[in-house]
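The residues making up each chain are set out below.
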Protein chains: 4
Amino acid sequence: MVIQTMPDVSPTKWHLAHVSWFFERFILGEHLDGYRPFDQRYDFLFNSYYYTAGQMHARPRRGLLSRPTVAEVLDYRAHVDEHMKRLLSTRDDQDFEFLVTLGLNHEQQHQELMLTDIKHVFAANPLEPAWRPAPETRAGVAGPMSFAGFPGGVVEIGNDDGGFCFDNETPRHRSWLEDFQIATRPVSNDEYREFIRDGGYQAPELWLSDGWSVIQTEDWRQPLYWDLALETEFTLGGRREIDPEAPVCHLSYYEADAFARWAGARLPTEAEWEVVAREFPVAGNLADSGAFHPRPAGGTGPRQFFGDVWEWTAGAYAPYPGFRPLAGSLGEYNGKFMCSQMVLRGGSCATPAGHIRPSYRNFFYPHQRWQFTGLRLARDV
Amino acid sequence: MVIQTMPDVSPTKWHLAHVSWFFERFILGEHLDGYRPFDQRYDFLFNSYYYTAGQMHARPRRGLLSRPTVAEVLDYRAHVDEHMKRLLSTRDDQDFEFLVTLGLNHEQQHQELMLTDIKHVFAANPLEPAWRPAPETRAGVAGPMSFAGFPGGVVEIGNDDGGFCFDNETPRHRSWLEDFQIATRPVSNDEYREFIRDGGYQAPELWLSDGWSVIQTEDWRQPLYWDLALETEFTLGGRREIDPEAPVCHLSYYEADAFARWAGARLPTEAEWEVVAREFPVAGNLADSGAFHPRPAGGTGPRQFFGDVWEWTAGAYAPYPGFRPLAGSLGEYNGKFMCSQMVLRGGSCATPAGHIRPSYRNFFYPHQRWQFTGLRLARDV
Amino acid sequence: MVIQTMPDVSPTKWHLAHVSWFFERFILGEHLDGYRPFDQRYDFLFNSYYYTAGQMHARPRRGLLSRPTVAEVLDYRAHVDEHMKRLLSTRDDQDFEFLVTLGLNHEQQHQELMLTDIKHVFAANPLEPAWRPAPETRAGVAGPMSFAGFPGGVVEIGNDDGGFCFDNETPRHRSWLEDFQIATRPVSNDEYREFIRDGGYQAPELWLSDGWSVIQTEDWRQPLYWDLALETEFTLGGRREIDPEAPVCHLSYYEADAFARWAGARLPTEAEWEVVAREFPVAGNLADSGAFHPRPAGGTGPRQFFGDVWEWTAGAYAPYPGFRPLAGSLGEYNGKFMCSQMVLRGGSCATPAGHIRPSYRNFFYPHQRWQFTGLRLARDV
Amino acid sequence: MVIQTMPDVSPTKWHLAHVSWFFERFILGEHLDGYRPFDQRYDFLFNSYYYTAGQMHARPRRGLLSRPTVAEVLDYRAHVDEHMKRLLSTRDDQDFEFLVTLGLNHEQQHQELMLTDIKHVFAANPLEPAWRPAPETRAGVAGPMSFAGFPGGVVEIGNDDGGFCFDNETPRHRSWLEDFQIATRPVSNDEYREFIRDGGYQAPELWLSDGWSVIQTEDWRQPLYWDLALETEFTLGGRREIDPEAPVCHLSYYEADAFARWAGARLPTEAEWEVVAREFPVAGNLADSGAFHPRPAGGTGPRQFFGDVWEWTAGAYAPYPGFRPLAGSLGEYNGKFMCSQMVLRGGSCATPAGHIRPSYRNFFYPHQRWQFTGLRLARDV
């Protein structure tokens, strides 16, 4: 619970302390009269990136902390829980409800990160330990991939369903779409293996310039966690045979983009993805299934928008027209990252089912691939 | 003509050889029967980034070449010119005309880069040599900045005027715009100085996360080439007093974005900029003026869209819907850079007047600022 | 027991597994018939630097191992201990005795490293946890420092006492010494503080060129673990007031050398140190005292050669004339490090008392200072 | 004359300006009444490493200077020469003579560096230009290598011949030597090629730990400037066939040391080398021969101590007992480098004949190999 294998990864212990700090700093500290922090120094240690809330411990040094111990962090959590319960019994206004819901959604995000970070930590160990029994390799059949057509025009995207959402999903706004086609399901391991065997990683014409540079520098020749023979992959259950039917996973944006070009297609825009996906129920192989690994979903029509793998879109993460970040330090939550990252949609097998929405915008840098990230193709008409 | 101060910069000699190579490799080599390259080895030395055209000399090593000498490069150019003349006398079809025009536009881009690269090289020298007499400091009055309103709706942007344009300006396509306002002129040095004096570089809430990180790491406290006292700037004419009325220049995207946030505004989108700018003639302080430095432009209404400074937009550089790159190796010209860069519009005081268009899309990484880059504000209604 | 704060530091768990592996690999594996390794994969994980014994896990990645757990490592140790006991009951020849003694001395070295590495890990934590109660600040009086003179001539140094020693202490050989003087005790914290207050870290003429470069780059202005006010230091007992009388500690060679120059003196050579120190009993504040921190030693004459702080000498670590490393992989133990490092003598407050000898040669790179390292002055006559 | 291929290398133009500055700063500025510097700013640009003489331009940025031009530097030189002539006509005291001689010897050192730096610059160019006609490949026969024995005892080394020498060659002092043998000539290309073909670069047991690390990281598999086939080498005359009989050249200390271990020998100590070499006249293939490349020297007995290649010794560069650096800023000339470097003896084919002495101590870091550096073997008896 202590190890950090790269700056992107945080120790499990840190995640636990940080989500507790989030409640303490932004709710208890501001709304519970006379609240005394569990330990003043945690404000420095467990602030992630809220510069306007104070100084913070450098991110790449999170794995250097032998203290507080796991037991002390659990005590911290209990302390925060107890005071949250007390405060919850006294407040029921809408602003407060939003704050608590934000804290819970924040925690759900870190639940997903804990899983992906543990996977990275375990994979860095030559012993390749398993966190749980390996997921089944033959978990079903993907069914054929085809393209479904949708009409263009002025569409509206963004969240206005009245429930909780992050600031970056708003405001609901108009956008212009040309007619387009979108693939009925994500790209499978077998399809991606064909790309590799066709020399995909050796063909510069398929790659963005930055992507070509990264795969040379990092010597990438396959998705993260695959072996060189393209036969096995490391999972939260240890190494196992690759399921050819399951959605391909742990791709960078560069790889998703190169595959799409090789396939004579492209990635969908955010708007294309959203107008299609919101017609389907939010259900699928999400964290609640307990699989913690992508699985094929049978069928024929458009499907599998939620769960399994986050789907890279062609959309650079940017503010929606009229975007206003939350007030105060919480305004740093999403808005300040709106540069040089790409949006992903739909949630993964590590996303809590109650956390995802059609309008949900996740975002990562194009080289990052330790999340459960895959792709779905789209085409012009 | 030999020095390279950072990987982004190329030696003057290299620019000269590279633009010659472009004609040799993509026109003479493919269209002039029996053409023999001036020196086979130049194919390696002066290929910039066309992976599909062969191996190339590493970009950061361009400044390590004492040979070919300047005289040899000029001979190379004469050789290419002579054969181009011969070929031009035998071909007048449209495809060929496009190729030659592309070669000339390519050369115009490098004419601008030569100026900005020489400026960087000279500025790196503690002696701060001047390339030419210093531009006048009091070159006019900027006039007041206000905002002009424009209606939204479905607009068309992209090039379809029938003349030459780059592939990245096409296809002409529809886009949705909300009503918006755009500033009548670029931000001036004096206005930017006010931002600095108001603590702009010390206020994390104004900055994108990546930008805040860069200004800490690089210890940026003012535009490139300004002194710490905010009184003088290095120009192609050496160090001189900052002209308070002239457009602010040599800003990164991060700085442009932070200024806009401080000013309660934002950067314009590509479509907003284009639909306004195309109503004005393509004229201004471009390279042909010989000033090679931004100057204030008097007046009151919307103005100064072309020349002086490239204007950062809020648009991440991405393919237009339906974009198709040029065929073959020339497809690497623009398309493969469509990730993690931001679009700039309008040309600068170093851009040849015949090179710029309302639909022209320049692009740089958000941290880059050695070009003549500034900004114009925009607002929602 | 898992954290690695820099490549020089190893996790406590790694130390424990590595010393066990040393017995397994070099004794059980070669001398106990039919011995089966506890886990074949540990040969890769816990080999430190014996290239001729096989591939190994990269040193900077030792802190990325969540497995084997501490419990598994303790099982490993028990397994090795049990088989060592069995083997010990069947062998009593001299070669075998040497090997076992080497294994035990190797373990003693790692006992010291565990303490210095834990200190580094704890110091990297903003909470500055204590491993044990803080050592007393006023632990005695250093007594005056003076210089004692010794005659030169042909001397013999190196080990020939018949007991165990490392290969690098041999062979006993002749060396020429001029008459010299050596300080009666190590330099104290108070004396070093005077050097700092006199501008020692700002005076380039006092420093080796490499040292000046390091203190600029690393922004060193005081010994490791001191605060900027020169009032407190981090110890294995947490932060406490600096004891002015105790030997100064956690200095790099560069700092020891600069202090000596400032003091109008120099560091002793290995031979000078050894011919003086061997006249004294091997006793002092070594690990067995339980202080784990340097203490002043009262008195007047030459003293305190053993324990408290390793004393940097002026000697570059090099083979003695006629040096022969141990045969086989154990030849990699010492000999291959005989370049670019400096020799230290006398042991520290973290060195087991049974481990140190007058002829003992410890060695570190001149920039390293996380060991308990100090200095004693010397002078020409 | 402008290019710098690595921090160790300086542009030819810089060398020329720096040696002029040395005369200006340390002689004219302090001894010629009313002398006005040619350009005050050169004090910053052309100070190499004399911290006590003022701030200086960062070494790795020497190749970024387009100004002063070569013509301006030659004017600078003429200015300094003219004032030196004037001053020389008025002073003939011993202190002054020493200073001028020091300035001349300093310039001789930079004459050698110009050659080795130009070689490095030209070799970095894929065109591999030649500075002059290639040296003959078959320039003679090396003659057999054998070992000559010498008796040990108390010897004296260091300079006391009354002529000019650097401070680091003094004082003359006693040292103890055991009986030893030294090779009659340097190791040849053919002998080194045998080492490579015998797997020398793949055998960790032959290498110092730091050396093994460097050859892995840098992917060294042969001397600098050799091709992978071990057939050709880059010379100041361009690429040519390797002369099997000539002394091997452009080795790091690590490679020299590994070869010696492979050959069952070792490198000589400084004292061993000096007591043997001083019995021979200072003559050989030095810069004055005009070959600028090592050549074989026929014969049978001990020979070839001077010229051809600097010979790595086993001696870490350290102060001689009783060493006192020059007073003032000139004390920074040699003394502050006495750490982590190894001593080389005898001069090379790029060393001016009037510059070298038996007591001369050159020094480089063990990984450096762009000088003309080779080795001679030695053995215990």
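As the structure is a computational prediction, the values presented were derived from the model and not from experiment. (Residues numbered from 1 in each chain as written. Chains lettered and ligands numbered in written order. Predicted model: local features only at pLDDT ≥ 70, side-chain atom pairs only at ≥ 80, totals over all residues. Heavy atoms only, no water.)

Engineer: Would you explain the relation of the copies chain B and chain A in this entry?
Structural biologist: Each copy of the chain is related to the other by a rotation around an axis and a translation along that axis. Overlay of chain B on chain A (RMSD 0.0 Å): rotation 180°, translation along the axis 0.0 Å. Taken together, the rotation angle and the small translation identify this as a two-fold axis. No C-alpha of chain B lies nearer the rotation axis than that of Ser-340 of chain B, which sits 2.3 Å from it. When the interface residues of chain B are mapped onto chain A, 100% of them again lie at the interface, so the same face is used by both copies. (Least-squares fit on C-alpha atoms with pLDDT ≥ 70 in both. Contact = heavy atoms within 4.5 Å.)

Engineer: Where do I start with helix H6 (residues 209-217) of chain C in this structure?
Structural biologist: Residue and element names in this part refer to chain C. For H6, the set of buried residues is Ser-209, Asp-210, Gly-211, Trp-212, Val-214 and Ile-215. Contact partners of the buried residues in H6: helix H7 (253-262). Among the residues trailing H6, Asp-219 stands out with phi positive, at a value near 55°. (Buried < 20%, exposed > 50% of the residue type's maximum accessible area, 1.4 Å probe, protein only. Helix = DSSP H or I, 4+ residues; strand = E, 2+ residues; numbered from the N terminus.)

Engineer: Would you mind showing me how to read the relation of the copies chain A and chain C here?
Structural biologist: Between the two copies, chain A and chain C, the superposition gives an RMSD of 0.0 Å; the rotation angle is 180° and the shift along the axis is 0.0 Å. When the interface residues of chain A are mapped onto chain C, 100% of them again fall at the interface, so both copies present the same face.

Engineer: Is there a simple way to explain the environment of Phe-44 of chain A in this structure?
Structural biologist: Relative to the helices and strands, Phe-44 of chain A is located in helix H2 (residues 42-45). Overall, Phe-44 of chain A belongs to the partly exposed group, its relative accessible area being 31%. C-alpha separation for the pair Phe-44 of chain A and Gly-200 of chain A, spaced 156 residues apart in sequence, amounts to 46 Å. Residues within four places of Phe-44 of chain A in sequence aside, it is in contact with Gln-55, Met-56 and His-57 of chain A together with Pro-126 of chain C.

Engineer: Before we go on, may I ask you to explain the sheet that holds strand E4 (residues 180-183) of chain D in this structure?
Structural biologist: The strands that make up a sheet are held in pairs by hydrogen bonds between backbone atoms, and each pair lies either parallel or antiparallel. All names here are of chain D. Judged by pairing direction, the sheet is antiparallel, and its 3 strands sit side by side in the order E1-E4-E11 without closing on themselves. Of all strands in the sheet, those bounded by a partner on one side alone are strand E1 (147-150) and strand E11 (378-380). Averaged over all adjacent pairs, the angle separating strand axes in this sheet is 25°, with direction ignored. Where helix H8 (residues 270-277) meets the sheet, its contacts fall on E1, E4 and E11, and the angle it forms with E4 comes to roughly 70°. (Pairing = 2+ DSSP bridges. Axes fitted to C-alpha atoms, helices over the stretch in contact; angles between N-to-C directions.)

Engineer: Can you help me understand the interface of chain B and chain A in this one?
Structural biologist: Interface size is often expressed as the accessible area that is lost when the parts come together. On the chain A side, the residues contacting the 28 residues of chain B number 28 residues. Here chain B and chain A share an interface that buries about 2,400 Å² over both sides, 60% of which is from carbon and sulfur atoms. The tally of links between chain B and chain A comes to 4 salt bridges. Among the salt bridges present, the one from Arg-174 of chain B reaches Glu-178 of chain A, with a minimum N-O distance of 3.1 Å. For the pair chain B and chain A, the number of links is 6 residue pairs in polar contact (both at pLDDT 80 or more). For the side of chain B that touches chain A, the secondary structure elements donating two or more residues are strand E3 (173-177), helix H6 (209-217) and helix H7 (253-262) of chain B. (Buried area = accessible area lost by both parts, 1.4 Å probe. Salt bridge = Lys/Arg side-chain N within 4 Å of Asp/Glu carboxyl O. Polar contact = N/O pair within 3.5 Å; in protein donor to acceptor, adjacent residues only side chain to side chain.)

Engineer: Even after reading the chapter, I still don't get the packing of helix H1 (residues 12-31) of chain C against helix H4 (residues 94-123) of chain C, so can you show me in this structure?
Structural biologist: Pairs of packed helices are described in terms of their axes, by the angle between the two and the distance that separates them. Residue and element names in this part refer to chain C. Packing of H1 against H4 brings their axes to within 9 Å, and their N-to-C directions diverge by 170°. As far as their axial angle goes, H4 and H1 are roughly antiparallel. Residue classes in the contact of H1 with H4 are distributed as 15 nonpolar, 7 polar and 2 charged. (Parallel < 35°, antiparallel > 145°, perpendicular 65-115°, else oblique. Nonpolar A, V, L, I, M, F, W, Y, C, P; charged D, E, K, R; others polar.)

Engineer: Explain the packing of aromatic side chains here, please?
Structural biologist: Two aromatic rings are characterised by how far apart their centres lie and by the angle between their planes. Under the counting rule described, the total for this entry stands at 152 aromatic pairs over all chains. Centre to centre, the rings of Tyr-42 of chain B and Tyr-76 of chain B are 4.9 Å apart; their planes meet at 80°, and the pair counts as edge-to-face. Here Tyr-76 of chain B lies in helix H3 (residues 70-88) and Tyr-42 of chain B lies in helix H2 (residues 42-45), a separation of 34 residues in the sequence. Ring centres 6.4 Å apart and planes at 40° place the aromatic pair Phe-195 of chain D and Trp-207 of chain D in the tilted group. In this pair, Phe-195 of chain D sits in helix H5 (residues 189-197) while Trp-207 of chain D sits in the loop between H5 and helix H6 (209-217), placing the two residues 12 residues apart along the sequence. (Phe/Tyr/Trp six-rings, centres within 6.5 Å; stacked < 30°, edge-to-face > 60°.)

Engineer: Which parts of the structure should I look at to understand the side chain of Asn-334 of chain D?
Structural biologist: Residue and element names in this part refer to chain D. With respect to the helices, strands and loops of the structure, Asn-334 is situated in the loop between strand E7 (310-316) and strand E8 (342-345). The class of Asn-334 is buried, set by a relative accessible area of 3%. A polar side-chain atom of Asn-334 sits 3.4 Å from a polar atom in the side chain of Asn-168. When residues no more than four places from it in sequence are discounted, the contact partners of Asn-334 are Phe-166, Asp-167, Asn-168, Tyr-317 and Phe-363.

Engineer: Just checking my understanding: could you explain the domain arrangement of chain A for this structure?
Structural biologist: All names here are of chain A. The assigned domain composition of chain A is domain 1 (12-123) and domain 2 (147-380). Between domain 1 and domain 2, the C-alpha centre-to-centre distance is 28 Å. The interface is formed by 26 residues belonging to domain 1 together with 29 residues belonging to domain 2. The contact between domain 1 and domain 2 buries some 2,500 Å² in all, and 65% of this surface belongs to carbon and sulfur atoms. Summed over the three residues of domain 1 that lose the most area to domain 2, namely Glu-112, Leu-115 and Lys-119, the buried surface amounts to 28% of that side. Between the two partners, domain 1 and domain 2, sit 0 salt bridges. Here domain 1 and domain 2 share 16 residue pairs in polar contact (both at pLDDT 80 or more) between them. (Domains from an automatic or database assignment.)

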